[in-house]
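Secondary and tertiary structure notes
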There are 2 protein chains.
Amino acid sequence: MSAIERREITGFSNPTVKYLRNLRDKKHRKREGKFLAEGLRLLTDARECGRLPETLVMAGKRDAHPLLDELEAAVAGNGGDIIETTPDILTKITGKDNAQAVVGMFAEFDTSLGALDRSRGDIWMVAQALRDPGNLGTMLRTCDAVGAGGLILIDDCADPFSMEAVRASMGAVFTQQIGRATWDEFVPWLRGADGQLVAASLRDAVDYRGAPYNAPCFVLVGNESRGLPEAYEGECDLRVTMPMKGRADSLNAAVAGAVLAYEVLAAVEK
Amino acid sequence: MSAIERREITGFSNPTVKYLRNLRDKKHRKREGKFLAEGLRLLTDARECGRLPETLVMAGKRDAHPLLDELEAAVAGNGGDIIETTPDILTKITGKDNAQAVVGMFAEFDTSLGALDRSRGDIWMVAQALRDPGNLGTMLRTCDAVGAGGLILIDDCADPFSMEAVRASMGAVFTQQIGRATWDEFVPWLRGADGQLVAASLRDAVDYRGAPYNAPCFVLVGNESRGLPEAYEGECDLRVTMPMKGRADSLNAAVAGAVLAYEVLAAVEK
């Protein structure tokens, strides 16, 4: 590994440190088209999915690890920048008290609908105006678990490339395809090929259990407080309802999506 | 309503404001045995479940609302303290930029196992060393949705009375019974009456779908990063496994618990 060129950064005011730290800010992230992911496990998942960080930041004093060596070699071989720094500066970049010993900066992926490969899964999750980045990351993680094609974000959703979403996705941000579109863009794209649109709803709905799901099935989940607009529910090919035995009339959005996605999985696998 | 006595507080350094604000801190909350819940909807749910705040804090300039009038009358009738203050001070108390116009301070409930009424549900959720208060609140919300008896917290879990857990529970902190115990306290309590202990596991497990669930069924979910200790899985009457089609080997803890709880619900309702 001695041939790998590493830059050492020890100053808090170093411009690269500032640049990376600012990627926690949505505006800066959007302008630059870059995002951060932390931790050896996440970065190894990314590498194995063919995603390499443009910049790799590591603690200077770190435990040796063969996966870290492989990661470093891959980033260097790809022309990436490798930085050694202090744990304090890593904490400054990630904003997390016990920062992981390694952080990568990635270029954001193409999230246009045209870039999605519809053949890659029988289940897709579609989130409308989902505001919580933790919920969004959790949905990506569920997508991975059910072998979905990906997650499509409709209207004004949280940013899938925020640190919180990336963390909650547990690496699924790299394994899942992500699309972003308005509803008016999404519907013609959906209808341009096979696909059943399903939503949890109270209107004109059948029991979610054993409902006639068909692959490819697009599971639509609405905003955390307002749910889905009526017109969006109207567009669905199937509206299903889940038992609500208590006082509340809804589940957490990521939970509702997961219960539904696992039910769809059982149906389309038969 | 004119007979209701209200205290007006306008100073940030008022000791009551400081006391309430400090309830966001776990140590202070534990020492005082009090917690905060915000929002008219949550407080109305609480009232309808027979839980009244000891102190009710309202914005002085607020929109009139019959439910708020009812709440105020109930708190006053119960000998509670009613405070009118400014939106800025409400924000200081809750730490939330757009504070709700009303906040209540409650006495924590008895969370000993002996206080739980086991007859109140066919499903119970049991969380072990769950660290994320949002996950904890989400599990309470799921408990409410499946008509569970309650949530039992094992070992060192997040605090169900933190603002984040209370918020994420969407009121279920008031509708669900909550127990707290060590594993060594929990097992004898569980075995002292009917109850099937079920966990998602990879060891010696059957497909979660259509597994032989029996009421009352206790669904055990492990810590977010480490899962369940092997000995805890060994104690379970049934170990089930959920499909994992992707790279990851686990789901978000609240999601796993919910998918399992809905499967149990379908079985015990038959």
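Looking at an unreviewed UniProt entry, one finds chain A named RNA methyltransferase and attributed to Pontixanthobacter aquaemixtae. Taken verbatim from the UniProt record of chain A, the Sequence similarities (unreviewed entry) comment is "Belongs to the class IV-like SAM-binding methyltransferase superfamily. RNA methyltransferase TrmH family."

**Section: the nonpolar core**
Y213 of chain A together with Y213 of chain B are the most contacted members of the largest nonpolar core, which totals 118 residues. Ignoring anything within four residues of it in the chain, the contact list for Y213 of chain A reads Q196, V198, Y208, L238, V240, L260, E263, V264 and A267 of chain A.

**Remarks on the environment of L202 of chain A**
Looking at the secondary structure, you find L202 of chain A in the loop between β9 (196-200) and β10 (206-207). Each C-alpha atom, one on L202 of chain A and one on D249 of chain A, is 9.5 Å from the other, the two residues being 47 residues apart in sequence.

**Remarks on a negative patch on the surface**
A cluster of acidic residues, D132 and E164 of chain A together with D132 and E164 of chain B, forms a negative patch at the surface. Counting through the fold element by element, E164 of chain A comes out in helix α7 (residues 163-169).

**As for the sheet that holds strand β1 (residues 7-8) of chain B**
What links the strands of a sheet is backbone hydrogen bonding, and the strands pair in either a parallel or an antiparallel sense. All names here are of chain B. The strand order β1-β4-β3-β5-β2 describes an open sheet built from five strands, whose pairing is mixed. Across the chains shown, the open sheet's two edge strands, defined by having one partner strand only, are β1 and β2 (34-38). By the bridge criterion, two bridges tie β1 to strand β4 (residues 81-85) in an arrangement that is parallel. Residue pairing for β4: R7 is matched across the bridge by I83. On top of the sheet, helix α5 (residues 87-94) reaches β2, β3 (55-59), β4 and β5 (102-107); it is set at about 135° to β3, its chief contact.

**A few points about the side chain of E233 of chain B**
All names here are of chain B. By secondary structure assignment, the location of E233 is in helix α10 (residues 230-235). Judged by relative accessible area, which is 7%, E233 ranks as buried. Setting aside its immediate chain neighbours within four residues, E233 contacts A200, S201, R203, L228 and R239.

**Focus: helix α6 (residues 133-145) of chain A**
All names here are of chain A. Between the first and last C-alpha of α6 there are 18 Å, a value that for 13 residues agrees with the 18 Å anticipated at 1.5 Å per step. In terms of residue burial, α6 counts as a mostly covered element, since 13 of its 13 residues are buried. The N-terminus of α6 is capped by D132, whose side-chain oxygen sits 2.7 Å from the backbone nitrogen of G134. Downstream of α6 by one or two residues, G147 has phi in the positive range, about 70°.

**Some words on the interface of chain A and chain B**
Facing the 34 residues of chain A at the interface are 34 residues of chain B. For the pairing of chain A and chain B, the buried interface totals around 2900 Å² over both sides, and the portion due to carbon and sulfur atoms is 52%. By the criterion of area lost to chain B, the three top residues of chain A are R141, R247 and Y262 of chain A, representing 25% of everything that side buries. For the interface between chain A and chain B, the tally reads 10 salt bridges. Joining chain A to chain B, the criterion identifies 22 residue pairs in polar contact (both at pLDDT 80 or more). With eight residues, helix α11 (residues 253-268) of chain A is the single largest residue contributor to the side of chain A that touches chain B. A per-class count over the side of chain A that touches chain B returns 16 nonpolar, seven polar and 11 charged.

**Quick look at the domain arrangement of chain A**
By a frequent convention, interface size equals the accessible area lost on bringing the separate parts together. Residues and elements named next belong to chain A. When cut into domains, chain A gives domain 1 (7-107) and domain 2 (113-268). Here the C-alpha centroids of domain 1 and domain 2 sit 31 Å apart. Across the domain 1/domain 2 interface, buried area totals approximately 1300 Å², and carbon plus sulfur atoms make up 67% of it. It is R29, F35 and L42 that lose the most area in domain 1 upon contact with domain 2, and together they represent 37% of the buried surface on that side. Applying the counting rule to domain 1 against domain 2 returns two salt bridges. Viewed at the interface, domain 2 and domain 1 are joined by three residue pairs in polar contact (both at pLDDT 80 or more). Examining the composition of the side of domain 1 that touches domain 2, we find that four residues originate from one element, strand β2 (residues 34-38), more than from any other.

**As for the sheet that holds β9 of chain A**
Residue and element names in this part refer to chain A. An order of β8-β7-β6-β11-β9-β12-β10 is seen for the seven strands of this open sheet, with the pairing classed as parallel. What marks the edges here is a single partner per strand, and that holds for β8 (177-181) and β10. Where β9 meets strand β11 (residues 217-221), four bridges bridge the pair, whose relative direction is parallel. When the bridges of β11 are listed, A199 appears paired with L220. Along the sheet, α6 makes contact with β6 (123-128), β7 (150-154), β8 and β11, crossing β7 at roughly 150°.

Basis of the calculations
- Residues numbered from 1 in each chain as written.
- Chains lettered and ligands numbered in written order.
- Predicted model: local features only at pLDDT ≥ 70, side-chain atom pairs only at ≥ 80, totals over all residues.
- Heavy atoms only, no water.
- UniProt positions renumbered as here; feature names shortened; annotations may be inferred.
- Core = buried A, V, L, I, M, F, W, Y, C linked by side-chain atoms within 4.5 Å.
- Buried < 20%, exposed > 50% of the residue type's maximum accessible area, 1.4 Å probe, protein only.
- Contact = heavy atoms within 4.5 Å.
- Helix = DSSP H or I, 4+ residues; strand = E, 2+ residues; numbered from the N terminus.
- Patch = residues over 30% accessible without salt bridge, like charges linked within 9 Å, V, L, I, M, F, W, Y side chains within 5 Å.
- Areas by Shrake-Rupley, 256 points an atom, 1.4 Å probe, with all protein chains shown as cover.
- Salt bridge = Lys/Arg side-chain N within 4 Å of Asp/Glu carboxyl O.
- Lys, Arg positive; Asp, Glu negative; His and termini not counted.
- Charge placed at Lys NZ, Arg CZ, Asp CG, Glu CD.
- Pairing = 2+ DSSP bridges.
- Axes fitted to C-alpha atoms, helices over the stretch in contact; angles between N-to-C directions.
- Expected span 1.5 Å × (residues − 1).
- Polar contact = N/O pair within 3.5 Å; in protein donor to acceptor, adjacent residues only side chain to side chain.
- Buried area = accessible area lost by both parts, 1.4 Å probe.
- Nonpolar A, V, L, I, M, F, W, Y, C, P; charged D, E, K, R; others polar.
- Domains from an automatic or database assignment.

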